[in-house]
Amino acid sequence: MRIAVMGDIHANLPALESVLTDIATHARADATYHLGDLVGYAPWPDEAVALLERAGIPGVAGNYDSTVATDYKHCGCKYEDAVQEALSHRSYEWTRARVAPATRRFLGGLPFRIDLLPNGGHLAGPKVILVHGTPTLNTLYWTEDRSDEFCLKMAAHAGAAAGDVLCFGHTHKPWHRTVQGIHFVNTGSVGRPKDGDWRAGYVVLEVGGGTRSVSVEFRRVEYDLERAMGGIRASGLPEELADYLRTGGAPPIPPG
Ligand SMILES: [Fe+2]
């Protein structure tokens, strides 16, 4: 079974449209899921949610979705510097003030976690567990440099065994590690990558087929970046969020 999983769309409609086209034309996916953080940072929260609903793509709640849905005082995002922190608050206020009631309801109804079992559990094979951040919290950042011990603790919490796949996002940086046979897959971000590559990222998992084999393909998809940047500039969102998309979150290269 081929499963496409995409996370952290963040209201970037041009990026989402291109990923859906890539899934339809290249991924040959049997099923598609999202990992939450559907809104924030770009000006199409209602449109992105409506597109996922129309496409019938289920998924889990990101921290941004939960906080917008409950009108919480901040988005649950953490930043390494004060400038990014301030921008993130402005983006959150913009989003919180503008999302339609129907979008808010949709975000509030997203589950915390989804478990996929081969043929609904009728066949032996790997379990695929989808969460936004970690199996304990959707605000906790699971970076690639976390210890094996941390990964195994999370796997135990989630009930994942050797051969299973734990799939998450939230850091916006894609990676795949295997610890004691358990696959840990961060899918990266569709709408706001932070690994220095501006292209939208998602993964295609290939699991099952009567075995416990798992393969993970990281895909990067070009999209209409100018449209996304223009949309941000025209929306009243901070201009810096447009530049962030162009650099893929990489710090600007000093001149000379
Ligand atoms: Fe996110």
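What comes next concerns the included structure. Sequence order sets the numbering: in each chain, residues are counted from 1 along the sequence as written. Per-residue local features are limited, in this predicted model, to residues with pLDDT of at least 70; the limit for side-chain atom pairs, both in listing and counting, is 80 or more; totals at the level of whole chains, interfaces and linings are taken over all residues. The side-chain values count all of the structure's non-hydrogen atoms but skip hydrogen atoms and water molecules.

## Thoughts on the coordination of the iron ion
For the iron ion, the full set of protein donor atoms is Asp8 (OD), His10 (NE2), Asp37 (OD) and His172 (NE2), and the range of their distances to it is 2.1 to 2.3 Å. Coordination at the iron ion is irregular: its four donor atoms span angles of 83 to 175° at the metal. When the donor residues of the iron ion are listed from N- to C-terminus, their spacing reads D-x1-H-x26-D-x134-H. Taken as a pair, His10 in the loop between β1 (2–6) and α1 (13–27) and His172 in the loop between β5 (165–168) and β6 (175–179) lie far apart in primary sequence, 162 residues in all. This pair shows no difference in class: His10 is buried, exactly as His172 is. Here a donor is an N, O or S atom found within 2.8 Å of the metal, or within 3.2 Å if the metal is Na, K or Ca; sites may look incomplete because water is not among the atoms. All geometry calls rest on donor angles, where a four-donor set with angles between 85 and 135 degrees is tetrahedral, four- and six-donor sets with opposite donors more than 155 degrees apart and all others between 65 and 115 are square planar and octahedral, and all else is irregular. Numbering of helices and strands runs from the N terminus; a helix is a DSSP stretch of H or I covering at least four residues, while a strand is a stretch of E covering at least two. Between buried and exposed lies partly exposed: a residue is buried under 20% and exposed over 50% of the maximum accessible area for its type, with that area taken using a 1.4 Å probe on protein chains only.

## A short note on the sheet that holds strand β9 (residues 214–221)
Think of it this way: DSSP has to see at least two bridges between two strands before they count as a pair. One open sheet accounts for four strands, arranged β2-β1-β8-β9; its pairing is mixed. Two strands in the sheet have a free side with no partner beyond their single neighbour: β2 (31–34) and β9. Across the sheet, the axes of successive neighbouring strands diverge by a mean angle of 25°, strand direction being ignored. Bridge analysis of β1 against β2 gives four bridges, and the strand direction is parallel. Looking at β2, one finds that Val5 is bridged to Tyr33. Lines fitted to the C-alpha atoms define the axes, with helices restricted to the stretch that makes contact. Angles between their N-to-C directions range from 0 to 180 degrees.

## Brief notes about the environment of Ile182
Its location among the elements puts Ile182 in strand β7 (residues 182–186). On the accessibility criterion, Ile182 (6% relative accessible area) is buried. C-alpha separation for the pair Ile182 and Val165, spaced 17 residues apart in sequence, amounts to 6.1 Å.

## Side note on the nonpolar core
Formed by 48 residues in total, the largest nonpolar core has its most connected members in Met6, Leu16, Val19, Ile23, Leu38, Tyr64 and Tyr202. Within the residue set of this core, elements represented by two or more residues are β1, α1, α2 (45–55), α3 (63–69), α4 (82–98), β8 (200–207), α7 (225–235) and α8 (240–247). Residue contributions to this core peak at seven residues, all from α1. Contact criterion: two residues are considered in contact whenever any of their non-hydrogen atoms come within 4.5 Å of each other. In this view, Leu16 contacts Met6, Ile9, Ala48, Leu51, Leu52 and Val190; residues no more than four positions away in its chain are not counted. We define a nonpolar core as any set of buried Ala, Val, Leu, Ile, Met, Phe, Trp, Tyr and Cys residues linked to one another through side-chain atoms lying within 4.5 Å.

## Description of the sheet that holds β7
Strand order in the open sheet formed by five strands is β3-β4-β5-β7-β6, and the pairing between neighbours is mixed. In this open sheet, the two strands that pair with only one neighbour each are β3 (114–116) and β6. Within the sheet, the average angular offset between the axes of one strand and its neighbour, ignoring direction, is 15°. With five bridges joining them, β6 and β7 adopt antiparallel strand pairing. Of the residues in β7, the one forming a bridge with Thr178 is His183. Sheet strands touched by helix α6 (residues 148–158): β4 (128–130), β5, β6 and β7. Its angle to β6, the strand with the most contacts, is close to 80°.

## What about the state of the cysteines?
Cysteine sulfurs are considered disulfide-paired once they come within 2.5 Å of each other. Counted according to the given criterion, the structure contains one disulfide. Note that Cys75 is cross-linked by a disulfide to Cys77, the S-S spacing being 2.2 Å. Judged on exposure class, the residue Cys75 and its partner Cys77 are both buried. You can see Cys151 has no disulfide; the closest cysteine sulfur is in Cys167, sitting 14 Å from it. Cys167 gets classed as buried once you look at its relative accessible area, which sits at 0%.

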